[in-house]
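# Structural features, examined
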Number of protein chains: 2
Amino acid sequence: MLLISKIPPFFDPWRWSRLEIDEGVEVKDSEGTKRRRATRGTIMPKPLDHESINENVKKVAYAVRGELYLRASELQKEGKKIIFTNVGNPHALGQKPLTFPRQVVALCQAPFLLDDPNVGLVFPADAIARAKHYLSLTSGGLGAYSDSRGLPGIRKEVAEFIERRDGYPSNPDLIFLTDGASKGVMQMLNTIIRNEKDGILVPVPQYPLYSATIQLYGGSLVPYYLDEESNWGLDLNNVRQSVMQARSKGITVRAMVIINPGNPTGQCLSEANLRELLRFCLYENLVLLADEVYQQNIYQDERPFISAKKILLDMGLPISKEVQLVSFHTVSKGYWGECGQRGGYFEMTNLPPETVDEVYKVASVSLSPNVPGQIFLGLMVNPPKPGDISYLKFTEESKAVLGSLRKRARIMTDGFNSCRNVVCNFTEGAMYSFPQIRLPPKAIEAAKKAGKVPDVFYCLKLLEATGISTVPGSGFGQKEGVFHLRTTILPAEEEMPAIMASFKKFNDEFMEQYEGYRGYSRMLRAAPPKRHLLWAVVDLDELGPGCDIDGHRGLYVTR
Amino acid sequence: MLLISKIPPFFDPWRWSRLEIDEGVEVKDSEGTKRRRATRGTIMPKPLDHESINENVKKVAYAVRGELYLRASELQKEGKKIIFTNVGNPHALGQKPLTFPRQVVALCQAPFLLDDPNVGLVFPADAIARAKHYLSLTSGGLGAYSDSRGLPGIRKEVAEFIERRDGYPSNPDLIFLTDGASKGVMQMLNTIIRNEKDGILVPVPQYPLYSATIQLYGGSLVPYYLDEESNWGLDLNNVRQSVMQARSKGITVRAMVIINPGNPTGQCLSEANLRELLRFCLYENLVLLADEVYQQNIYQDERPFISAKKILLDMGLPISKEVQLVSFHTVSKGYWGECGQRGGYFEMTNLPPETVDEVYKVASVSLSPNVPGQIFLGLMVNPPKPGDISYLKFTEESKAVLGSLRKRARIMTDGFNSCRNVVCNFTEGAMYSFPQIRLPPKAIEAAKKAGKVPDVFYCLKLLEATGISTVPGSGFGQKEGVFHLRTTILPAEEEMPAIMASFKKFNDEFMEQYEGYRGYSRMLRAAPPKRHLLWAVVDLDELGPGCDIDGHRGLYVTR
């Protein structure tokens with residue numbers, strides 16, 4: 001022990017750091033307070049040095065803006081044209097905003113225009129009337145904090161929308177507006193997670209908001225696998241198994257996340273599926289967190305969107321009063337795509353008033369969600385009606401966006417399925433395509449040599465070659481040895497064929513380069529992919545060497 | 001142990017809850033999995049029932065929107081006119097938004113107007129040019145997510161503002177834009193706090209964002225007391241003592257919060273004070289979190305605002321490279337008061353790149369701050385310049401707001417000091433008044449009988465009598481037996497005299513009602529309060545019974 005009898009009042013770590021102190025020596029000042037435990041020539045880290053920050057912060061992984069995105073940003077700076085399909089950000093890829101809501105919010109931002117005699121020259125009368133309506137719901141316009149739950153008048157409009165959608169009453173006091181749906185999800189997970197023994201069931205592949213937030217708040221992610229062969233269906237036997245496994249590790253499973261329509265998988269849950277999983281939540285005492293932000297993005301007619309709340313209430317007593325449910329929605333998705341405005345809401349069902357009060361209290365710490373985003377939400381749930389001046393234009397714009405997304409979903413799926421070693425389920429809803437990339441063993445080896453996860457390796461090569469910025473499937477969770485990537489279906493419709501051609505060229509050359517055993521690739525080419533996958537057992541030993549794909553022998557995928 | 005051999009696949013807790021099960025009995029299903037530990041006639045709580053949510057969420061206290069606010073909201077619903085001075089929300093109390101920034105953001109929201117031949121009739125040319133400038137900084141307008149740190153072009157404008165303000169370079173990559181300053185504070189505290197043994201030094205009285213967030217993230221608040229007698233000055237001996245005390249409880253003190261100008265206390269830190277506390281941070285290895293959101297709100301000329309960063313860099317090497325500093329600013333305060341837009345930033349100094357990366361990663365989980373709020377921030381740091389069409393109007397509007405706030409600060413301080421048993425330091429900056437209310441013993445007794453904290457009791461009575469909605473001082477932290485309330489100085493200048501008269505009438509009647517011993521109140525009345533407090537020792541025994549104020553004998557306050 002080294003006792004420094006007098007430490008100068010102006011303690012100088014710059015000099016200390018250069019002191020040669022033997023390892024493990026303790027340094028005390030004249031009051032006997034331990035100052036620094038020094039190792040040879042080093043000083044204690046500062047509080048925001050990397051080694052001393054919150055471990056949970058370090059554990060967070062968020063692939064959507066991870067290595068690929070950073071590399072893409074670099075390439076963009078260097079002047080390369082990048083197609084950002086890594087994040088569902090429609091306006092960034094050229095989607096124009098809907099006119100009417102923008103007119104209303106612009107007028108709310110500039111209330112002095114409402115008294116301007118020329119205002120009618122640039123704004124239609126119904127936009128002016130609507131702006132006055134929303135301003136009357138605020139207490140001081142867009143510049144004043146609202147109630148921390150959001151403006152009461154807009155929560156009422158949201159409740160009316162939910163009532164029309166589901167056919168059941170909705171209580172505005174159980175609807176909280178948020179700065180985008182993500183913030184709501186984060187708040188609910190923070191409320192649920194107490195420690196690392198609390199588990200949250202999350203679909204895999206999943207949207208990494210969930211894994212990242214669970215890591216940040218120190219809980220345990222309990223994955224359940226969606227079934228790629230049945231178009232990413234939710235099989236409750238898988239979920240049950242995940243719960244059992246988690247319990248055997250001492251984890252209390254407390255909540256189940258569903259993303260419907262799916263992100264990144266694009267599937268729509270059927271009514272039967274929803275009923276089954278609500279019963280499961282009752283039986284296992286789980287909160288259901290229903291991420292329904294893509295409810296307007298449906299690209300087929302067989303499976304329309306049905307909300308978890310509607311099914312729950314359809315099931316009647318006692319279950320309708322028992323299962324705790326929180327559902328999320330946003331202005332960022334749908335045909336609005338107003339991501340940058342950060343408007344969202346969540347609705348709580350069967351939560352006791354004391355818990356709702358706690359959620360309110362925590363919301364109030366950051367005062368209020370942004371008010372313009374709240375107005376967008378009001379407009380989304382209460383769009384122009386037949387007879388309104390702006391109705392026709394609004395409807396045409398909306399239909400054009402949704403119709404084009406539907407076409408793009410088809411072009412993209414077909415494009416992927418025309419590529420060598422790529423198979424892709426159709427995007428039933430949401431705004432993503434999640435093709436499986438069958439990486440040849442040599443590609444996997446090359447990735448290992450480069451120190452990269454195989455799908456990251458593939459996506460980086462794709463980015464460098466074509467400028468298409470995707471997210472490797474490993475960021476969403478993957479089964480062992482299976483590789484995917486996620487793209488959005490958002491590039492402009494007219495650019496889509498060129499993008500898919502560029503993808504195909506890259507992919508097929510990549511496969512050519514890395515396929516060591518021609519028989520294997522011939523086999524895949526011989527059976528061109530269809531919409532649904534078929535699985536077959538292939539004895540790799542029979543096919544000869546070079547087919548031991550990443551250690552998965554004996555059973556391999558073909559169609 | 002009760003083993004239920006067959007639980008039906010559709011488990012019905014509605015029926016279970018009516019089962020009469022002896023207390024402590026364990027219930028297992030056929031697989032031996034423990035289902036519910038029942039007490040007589042009850043079932044296990046659901047995950048979002050109050051008893052099973054995150055304890056840290058329950059611990060959060062947030063007085064600004066606490067009991068007083070809720071009661072005020074009720075009274076408002078019942079038709080009573082409420083003057084909301086509980087939160088610094090200028091537009092809610094009638095402050096008009098500045099015209100130029102609103103014009104720019106309105107145009108950014110409605111970019112189609114930029115091609116409208118009539119746009120010049122309602123918008124000035126410099127607002128149109130500025131809107132085009134900001135739109136060019138986005139990638140897809142206000143509807144697209146920005147980079148999670150905020151738009152690079154706006155971070156550059158913020159850096160230039162900081163350079164002009166401090167005279168030192170600022171790096172845009174170390175500036176992150178946020179949905180209001182609160183969100184930034186929350187993120188930094190989440191990064192710093194690892195567990196309940198991590199302490200954060202917070203001034204008392206403090207803005208409850210800090211206490212609430214420290215509770216939410218499970219850290220320990222280490223209070224240091226500001227000195228009311230020296231106009232809420234920061235005495236480092238107090239801080240040192242707090243650190244010692246915390247350490248003796250095994251707490252690692254990791255950060256120090258300063259609020260400059262002070263909230264709720266309104267004081268401005270002197271240059272000497274800032275130097276001293278930066279040295280302290282170096283010596284004690286603390287991150288300095290500098291809440292500088294009121295830097296534009298200064299109501300005297302002796303102590304202008306100086307940023308912590310400027311002082312740090314003024315001090316030169318080695319300290320300028322050693323102390324880790326994060327400073328916060330916002331569009332909600334200043335003369336802008338654009339609270340509802342939720343625009344803010346923080347700047348990091350001396351943080352290693354790996355930590356900045358972690359902060360970036362966590363910011364990216366909620367994708368991006370709202371883009372309109374970012375544009376407001378750009379406009380705030382880069383307002384119209386001399387020669388611009390809108391310069392004169394903008395400058396006049398700004399001066400009018402600040403000039404009026406200065407007058408209101410004075411009216412309010414003088415008003416409080418004219419009241420019986422009320423003493424109040426002058427509001428040097430920020431937007432709050434924090435008078436001390438000398439509650440007579442009988443009032444304290446009456447509060448105890450009503451089951452209320454004394455200052456809550458007083459503030460509730462004030463609210464019921466006058467409609468003035470304040471925040472009891474206990475919400476900000478108080479020394480034992482000393483009571484305050486916080487009001488904003490934001491009610492309209494012309495309404496201020498009437499509000500203060502109404503306050504005085506209530507207060508003086510309240511004091512009359514509860515003062516048991518006339519000599520005590522006579523004594524206070526004999527020495528009318530001045531700007532600075534004087535303290536004197538009064539032997540209460542000499543004054544006779546009735547003066548044992550809440551157990552504080554021997555030393556009592558007078559002037």
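Notes on the structure follow. Being a predicted model, the structure only gives us computed values, none of them experimental.

## Looking at the pairing of strand S9 (residues 287-291) of chain A
Within a regular beta strand, the side chains point alternately toward one face of the sheet and then the other, so they alternate between its two faces. All names here are of chain A. Across the five residues that make up S9, a large majority, five, are buried. Of the two faces of S9, the one carrying Val287, Leu289 and Asp291 and the one carrying Leu288 and Ala290 are both buried. Strand direction decides the pairing type here: strand S8 (residues 252-259) and S9, joined by five bridges, are parallel. Following the sheet pairing, Ile258 is matched in S9 by Ala290. Of the crossover connections in this fold, the one passing from S8 over helix H11 (residues 271-284) to the parallel S9 is right-handed. When S9 meets strand S10 (residues 325-330), the two strands line up parallel, connected through four bridges.

## A few points about the relation of the copies chain B and chain A
The operation relating chain B to chain A is a screw motion whose rotation component is 180°, with 0.0 Å of axial translation and a residual RMSD of 0.0 Å. The operation mapping one copy onto its partner corresponds to a two-fold rotation axis. Nearest to the rotation axis, the C-alpha of Ala106(B) is located 2.1 Å from it, this being the minimum over chain B. A shared binding surface is used by both copies, with 100% of the interface residues of chain B retained as interface residues in chain A.

## Overview of the packing of aromatic side chains
Applying the stated criterion to the full structure yields 30 aromatic pairs over all chains. An aromatic cluster is defined as three or more aromatic residues linked by ring pairs; in this entry it consists of Phe457(A), Tyr458(A), Phe506(A), Phe510(A) and Tyr514(A). One cation-aromatic arrangement involves Arg149(B) over Tyr360(B); the distance from NZ or CZ to the ring centre is 4.0 Å. For the cation-ring pair, Arg410(B) lies above Phe426(B), with the distance from its terminal atom to the ring centre recorded as 4.1 Å.

## Description of the pattern of salt bridges
As enumerated under the stated definition, the model contains 52 salt bridges over all chains in all. Close ionic contact of Lys183(A) with Asp179(B) constitutes a salt bridge, the shortest N to O distance being 3.3 Å. Placement of the pair is Lys183(A) in helix H8 (residues 181-192) and Asp179(B) in the loop between strand S5 (175-178) and helix H8 (181-192), with the two residues belonging to separate chains. For Asp179(B), a relative accessible area of 3% translates into the label buried. Residue Glu512(B) is joined to Arg420(B) by a salt bridge in which the shortest nitrogen-to-oxygen separation is 2.5 Å.

## A word on the interface of chain B and chain A
Facing 119 residues of chain B, the contacting portion of chain A comprises 119 residues. Taken together, both faces of the contact between chain B and chain A bury some 9800 Å²; the carbon and sulfur share is 59%. Three residues stand out in chain B for area buried against chain A, namely Leu48(B), Tyr145(B) and Tyr283(B), and they jointly supply 9% of the buried area on that side. Linking chain B to chain A there are four salt bridges. Between Glu322(A) and Lys46(B) there is a salt bridge; the shortest N-O distance is 2.9 Å. Linking chain B to chain A there are 52 residue pairs in polar contact (both at pLDDT 80 or more). Looking at which element gives the most residues to the side of chain B that touches chain A, the answer is helix H13 (residues 353-365) of chain B, with eight residues. Among the residues making up the side of chain B that touches chain A, the classes are represented as 61 nonpolar, 31 polar and 27 charged.

## Some thoughts on the state of the cysteines
All names here are of chain A. Applying the stated criterion across every chain yields a total of zero disulfides over all chains. Sulfur of Cys268: no disulfide; nearest cysteine sulfur belongs to Cys424 and is 15 Å away. Assessed through its relative accessible area of 2%, Cys268 is described here as buried. Distance from the sulfur of Cys419, which forms no disulfide, to the nearest cysteine sulfur (Cys424) is 9.9 Å.

Conventions used here
Residues numbered from 1 in each chain as written. Chains lettered and ligands numbered in written order. Predicted model: local features only at pLDDT ≥ 70, side-chain atom pairs only at ≥ 80, totals over all residues. Heavy atoms only, no water. Buried < 20%, exposed > 50% of the residue type's maximum accessible area, 1.4 Å probe, protein only. Helix = DSSP H or I, 4+ residues; strand = E, 2+ residues; numbered from the N terminus. Pairing = 2+ DSSP bridges. Right-handed = clockwise from strand over helix to strand, strands pointing away. Least-squares fit on C-alpha atoms with pLDDT ≥ 70 in both. Contact = heavy atoms within 4.5 Å. Phe/Tyr/Trp six-rings, centres within 6.5 Å; stacked < 30°, edge-to-face > 60°. Lys NZ or Arg CZ within 6 Å of the ring centre and 35° of its normal. Salt bridge = Lys/Arg side-chain N within 4 Å of Asp/Glu carboxyl O. Buried area = accessible area lost by both parts, 1.4 Å probe. Polar contact = N/O pair within 3.5 Å; in protein donor to acceptor, adjacent residues only side chain to side chain. Nonpolar A, V, L, I, M, F, W, Y, C, P; charged D, E, K, R; others polar. Disulfide = S-S within 2.5 Å.

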